[in-house]
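In case you want the letters, here they are:
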Amino acid sequence: SQQGEEDPQALSIQEGENATMNCSYKTSINNLQWYRQNSGRGLVHLILIRSNEREKHSGRLRVTLDTSKKSSSLLITASRAADTASYFCATHPYMNRDDKIIFGKGTRLHILP
Amino acid sequence: DAGITQSPRYKITETGRQVTLMCHQTWSHSYMFWYRQDLGHGLRLIYYSAAADITDKGEVPDGYVVSRSKTENFPLTLESATRSQTSVYFCASSAASLVRNEQFFGPGTRLTVL
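Described below are features of the structure shown in this document. Bear in mind that the values here come from a model prediction, so they are computed numbers and not experimental data.

What counts and how
Residues numbered from 1 in each chain as written. Chains lettered and ligands numbered in written order. Predicted model: local features only at pLDDT ≥ 70, side-chain atom pairs only at ≥ 80, totals over all residues. Heavy atoms only, no water. Pairing = 2+ DSSP bridges. Helix = DSSP H or I, 4+ residues; strand = E, 2+ residues; numbered from the N terminus. Axes fitted to C-alpha atoms, helices over the stretch in contact; angles between N-to-C directions. Disulfide = S-S within 2.5 Å. Buried < 20%, exposed > 50% of the residue type's maximum accessible area, 1.4 Å probe, protein only. 1 Å grid on protein atoms, 1.4 Å probe; cavity = no way out; pocket = protein on both sides within 12 Å on 5 of 7 lines; lining within 4 Å. Points joined across faces, edges and corners; volume = space filled by probe spheres on them.

**Topic: the sheet that holds strand 8 (residues 71-76) of chain A**
Residue and element names in this part refer to chain A.
Reasoning step 1: A sheet is described by the order of its strands in space; here 5 strands give the open sequence 1-3-8-7-6, paired in antiparallel fashion. Across the chains shown, the open sheet's two edge strands, defined by having one partner strand only, are strand 1 (4-7) and strand 6 (55-58). Geometrically, the sheet is characterised by an average inter-axis angle of 15 degrees between neighbouring strands, direction not taken into account.
Reasoning step 2: The sheet contact formed by strand 1 and strand 3 (residues 19-25) spans 4 bridges and is antiparallel. Considered in strand 3, the bridge of Glu-6 is made with Cys-23.

As C-alpha coordinates, this is what we get:
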(Lines give C-alpha, C1' and ligand atoms only; values in the text may rest on other atoms or scores of the structure.)
Protein backbone atom coordinates (compact mmCIF):
# COMPACT_ATOMS: atom_id res chain seq x y z
CA SER A 1 0.00 0.00 0.00
CA GLN A 2 1.89 2.98 -1.30
CA GLN A 3 1.36 6.25 0.48
CA GLY A 4 3.79 8.61 -1.21
CA GLU A 5 4.42 9.08 -4.88
CA GLU A 6 7.31 11.10 -6.22
CA ASP A 7 7.21 13.18 -9.35
CA PRO A 8 8.99 13.19 -11.73
CA GLN A 9 10.25 9.61 -11.90
CA ALA A 10 13.51 10.84 -13.43
CA LEU A 11 15.13 14.23 -13.77
CA SER A 12 18.29 15.38 -15.56
CA ILE A 13 19.66 18.87 -15.03
CA GLN A 14 22.90 20.74 -15.58
CA GLU A 15 25.32 21.14 -12.72
CA GLY A 16 24.64 24.37 -10.90
CA GLU A 17 20.92 24.39 -11.62
CA ASN A 18 18.24 23.80 -9.01
CA ALA A 19 16.42 20.47 -8.82
CA THR A 20 12.86 20.15 -7.58
CA MET A 21 11.14 16.90 -6.75
CA ASN A 22 7.59 16.48 -5.56
CA CYS A 23 5.83 13.96 -3.37
CA SER A 24 2.09 13.44 -3.06
CA TYR A 25 0.44 11.27 -0.44
CA LYS A 26 -3.04 10.07 0.34
CA THR A 27 -3.77 10.10 4.08
CA SER A 28 -3.00 12.44 6.96
CA ILE A 29 0.50 12.21 8.33
CA ASN A 30 2.55 12.84 11.45
CA ASN A 31 5.63 13.67 9.42
CA LEU A 32 7.20 13.33 6.02
CA GLN A 33 10.83 12.45 5.40
CA TRP A 34 13.17 12.62 2.43
CA TYR A 35 15.95 10.11 1.84
CA ARG A 36 18.75 9.87 -0.70
CA GLN A 37 20.13 6.66 -2.18
CA ASN A 38 23.36 6.62 -4.11
CA SER A 39 23.77 3.80 -6.60
CA GLY A 40 24.39 0.50 -4.85
CA ARG A 41 24.12 1.95 -1.35
CA GLY A 42 21.61 2.12 1.46
CA LEU A 43 19.25 5.04 1.96
CA VAL A 44 20.41 8.08 3.89
CA HIS A 45 18.02 10.30 5.79
CA LEU A 46 18.06 13.92 4.60
CA ILE A 47 15.34 15.83 6.36
CA LEU A 48 12.14 15.35 8.35
CA ILE A 49 9.26 17.80 8.33
CA ARG A 50 6.41 17.54 10.80
CA SER A 51 2.78 17.98 9.86
CA ASN A 52 2.60 21.34 11.65
CA GLU A 53 5.61 22.71 9.76
CA ARG A 54 5.51 24.30 6.34
CA GLU A 55 9.15 24.65 5.41
CA LYS A 56 12.54 23.36 6.54
CA HIS A 57 16.05 23.99 5.39
CA SER A 58 19.22 21.97 5.66
CA GLY A 59 22.23 23.29 3.79
CA ARG A 60 21.30 23.33 0.08
CA LEU A 61 18.08 21.44 0.76
CA ARG A 62 14.71 23.08 1.17
CA VAL A 63 11.60 21.05 1.91
CA THR A 64 8.05 22.36 1.88
CA LEU A 65 4.91 20.67 3.08
CA ASP A 66 1.33 21.52 2.12
CA THR A 67 -0.97 19.34 4.19
CA SER A 68 -4.08 20.77 2.51
CA LYS A 69 -2.82 19.45 -0.83
CA LYS A 70 -1.14 16.43 0.73
CA SER A 71 2.09 17.22 -1.03
CA SER A 72 5.72 18.03 -0.35
CA SER A 73 8.59 19.26 -2.44
CA LEU A 74 12.34 18.87 -2.12
CA LEU A 75 14.48 21.58 -3.66
CA ILE A 76 18.21 21.10 -4.09
CA THR A 77 19.91 24.38 -4.94
CA ALA A 78 23.12 24.79 -6.91
CA SER A 79 23.27 21.10 -7.80
CA ARG A 80 26.54 19.20 -7.88
CA ALA A 81 27.62 15.97 -9.54
CA ALA A 82 27.55 14.32 -6.11
CA ASP A 83 23.80 14.99 -5.90
CA THR A 84 23.23 12.34 -8.58
CA ALA A 85 21.13 9.76 -6.73
CA SER A 86 17.59 8.55 -6.18
CA TYR A 87 15.45 10.54 -3.77
CA PHE A 88 12.59 9.02 -1.82
CA CYS A 89 9.87 10.55 0.26
CA ALA A 90 8.47 8.56 3.16
CA THR A 91 5.38 9.31 5.17
CA HIS A 92 4.48 8.43 8.73
CA PRO A 93 0.69 8.04 8.64
CA TYR A 94 -1.23 9.86 11.34
CA MET A 95 -2.87 6.70 12.66
CA ASN A 96 0.47 4.91 13.12
CA ARG A 97 1.55 4.49 16.71
CA ASP A 98 4.76 2.74 15.71
CA ASP A 99 7.84 3.81 13.72
CA LYS A 100 6.70 2.26 10.45
CA ILE A 101 6.93 4.65 7.49
CA ILE A 102 5.89 4.17 3.90
CA PHE A 103 8.27 4.92 1.03
CA GLY A 104 7.44 6.13 -2.45
CA LYS A 105 9.13 4.75 -5.54
CA GLY A 106 11.61 7.59 -5.81
CA THR A 107 12.90 10.17 -8.25
CA ARG A 108 16.15 9.43 -10.10
CA LEU A 109 18.17 12.62 -10.32
CA HIS A 110 21.06 12.90 -12.75
CA ILE A 111 23.32 15.94 -12.66
CA LEU A 112 24.98 16.59 -16.01
CA PRO A 113 28.51 18.05 -16.04
CA ASP B 1 32.22 -0.26 14.49
CA ALA B 2 29.19 1.84 15.27
CA GLY B 3 26.24 1.75 12.94
CA ILE B 4 24.20 -0.84 11.16
CA THR B 5 25.77 -3.68 9.25
CA GLN B 6 24.45 -6.42 7.03
CA SER B 7 25.97 -9.72 6.01
CA PRO B 8 26.59 -11.13 3.57
CA ARG B 9 26.71 -8.25 1.10
CA TYR B 10 26.21 -10.60 -1.86
CA LYS B 11 24.66 -14.04 -1.93
CA ILE B 12 23.85 -16.47 -4.70
CA THR B 13 21.71 -19.44 -3.83
CA GLU B 14 19.49 -22.01 -5.48
CA THR B 15 15.75 -22.41 -5.46
CA GLY B 16 14.56 -24.30 -2.41
CA ARG B 17 17.54 -23.55 -0.19
CA GLN B 18 17.28 -21.78 3.13
CA VAL B 19 19.09 -18.47 3.37
CA THR B 20 19.60 -16.19 6.36
CA LEU B 21 20.49 -12.54 6.02
CA MET B 22 22.01 -10.92 9.07
CA CYS B 23 21.52 -7.42 10.42
CA HIS B 24 23.30 -5.89 13.39
CA GLN B 25 23.03 -2.39 14.88
CA THR B 26 25.04 -0.81 17.65
CA TRP B 27 22.75 2.08 18.61
CA SER B 28 20.34 0.03 20.77
CA HIS B 29 17.51 1.28 18.57
CA SER B 30 14.16 -0.23 19.52
CA TYR B 31 12.87 -0.61 15.99
CA MET B 32 14.36 -2.66 13.21
CA PHE B 33 13.03 -3.21 9.70
CA TRP B 34 13.61 -5.40 6.68
CA TYR B 35 12.85 -4.06 3.21
CA ARG B 36 13.29 -5.41 -0.25
CA GLN B 37 13.98 -3.13 -3.18
CA ASP B 38 13.00 -4.09 -6.70
CA LEU B 39 12.85 -2.05 -9.88
CA GLY B 40 9.43 -0.56 -10.29
CA HIS B 41 8.37 -1.26 -6.71
CA GLY B 42 10.54 0.99 -4.61
CA LEU B 43 11.08 -0.18 -1.03
CA ARG B 44 8.61 -2.66 0.36
CA LEU B 45 8.49 -3.58 4.01
CA ILE B 46 8.84 -7.29 4.75
CA TYR B 47 8.86 -7.43 8.54
CA TYR B 48 9.60 -5.10 11.38
CA SER B 49 10.25 -5.32 15.09
CA ALA B 50 9.41 -2.83 17.81
CA ALA B 51 11.63 -4.50 20.44
CA ALA B 52 13.24 -7.79 21.29
CA ASP B 53 10.75 -10.65 20.91
CA ILE B 54 8.19 -8.41 19.17
CA THR B 55 7.83 -8.73 15.40
CA ASP B 56 5.13 -7.75 12.92
CA LYS B 57 4.40 -8.39 9.28
CA GLY B 58 4.88 -5.71 6.71
CA GLU B 59 3.58 -5.45 3.20
CA VAL B 60 5.25 -8.55 1.71
CA PRO B 61 5.96 -11.12 4.48
CA ASP B 62 5.19 -14.37 2.66
CA GLY B 63 8.16 -16.71 2.39
CA TYR B 64 10.16 -14.90 5.06
CA VAL B 65 10.74 -15.51 8.76
CA VAL B 66 12.31 -13.15 11.30
CA SER B 67 13.38 -13.34 14.89
CA ARG B 68 14.66 -10.84 17.41
CA SER B 69 16.08 -12.47 20.49
CA LYS B 70 18.48 -9.56 21.08
CA THR B 71 17.88 -5.86 20.52
CA GLU B 72 20.90 -5.49 18.26
CA ASN B 73 20.22 -8.36 15.85
CA PHE B 74 17.39 -8.93 13.40
CA PRO B 75 18.03 -11.86 11.06
CA LEU B 76 15.81 -12.49 8.04
CA THR B 77 15.40 -16.08 6.84
CA LEU B 78 14.09 -17.25 3.51
CA GLU B 79 12.91 -20.73 4.40
CA SER B 80 12.80 -22.05 0.84
CA ALA B 81 14.15 -19.48 -1.58
CA THR B 82 12.30 -18.77 -4.82
CA ARG B 83 13.43 -16.84 -7.89
CA SER B 84 10.92 -14.10 -7.08
CA GLN B 85 12.93 -13.41 -3.93
CA THR B 86 15.88 -12.25 -6.00
CA SER B 87 16.24 -8.69 -4.79
CA VAL B 88 18.28 -6.23 -2.78
CA TYR B 89 17.47 -6.44 0.91
CA PHE B 90 17.92 -3.54 3.28
CA CYS B 91 17.85 -3.56 7.03
CA ALA B 92 17.09 -0.37 8.93
CA SER B 93 16.66 0.79 12.50
CA SER B 94 15.05 3.70 14.29
CA ALA B 95 14.90 5.03 17.82
CA ALA B 96 11.17 4.69 18.56
CA SER B 97 10.03 8.26 18.58
CA LEU B 98 6.81 9.46 16.98
CA VAL B 99 8.46 12.86 16.71
CA ARG B 100 11.79 11.84 15.20
CA ASN B 101 11.51 8.41 13.67
CA GLU B 102 14.03 8.66 10.85
CA GLN B 103 15.47 5.33 9.83
CA PHE B 104 19.11 4.40 9.46
CA PHE B 105 19.88 1.92 6.73
CA GLY B 106 22.46 -0.77 6.30
CA PRO B 107 24.40 -1.14 3.03
CA GLY B 108 22.14 -3.86 1.67
CA THR B 109 22.45 -7.51 0.66
CA ARG B 110 22.11 -8.38 -3.00
CA LEU B 111 20.51 -11.82 -3.19
CA THR B 112 20.24 -13.87 -6.36
CA VAL B 113 18.17 -17.03 -6.40
CA LEU B 114 18.93 -19.31 -9.33
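Still more ground to cover, so stick around.
**Brief notes about the state of the cysteines**
Reasoning step 1: Per the stated rule, a full pass over the model turns up 2 disulfides over all chains.
Reasoning step 2: Two residues, Cys-23 of chain A and Cys-89 of chain A, share a disulfide whose sulfurs are 2.0 Å apart. Between Cys-23 of chain A and Cys-89 of chain A, the S-S torsion sits near 65 degrees, and that sign places the bridge as right-handed. One end of the pair, Cys-23 of chain A, is in strand 3; the other, Cys-89 of chain A, is in strand 9 (residues 85-93), and 66 residues separate them in sequence. For the pair formed by Cys-23 of chain A and Cys-89 of chain A, the shared burial category is buried.
Reasoning step 3: Linked covalently through their sulfurs, Cys-23 of chain B and Cys-91 of chain B form a disulfide whose S-S length is 1.8 Å. In this structure, the disulfide formed by Cys-23 of chain B and Cys-91 of chain B twists by about -75 degrees around the S-S bond and is classed as left-handed.

**With respect to the layout of surface pockets**
Reasoning step 1: Approximately 810 Å³ is the volume attributed to the largest pocket.
Reasoning step 2: Gln-37, Ser-86 and Phe-88 of chain A together with Gln-37 and Leu-39 of chain B are the residues nearest the centre of the largest pocket, which is lined by 32 residues in total.
Reasoning step 3: Only strand 1, strand 9 and strand 11 (107-112) of chain A together with strand 4 (31-38), strand 9 (87-94) and strand 11 (109-113) of chain B provide two or more residues apiece to the lining of the largest pocket.

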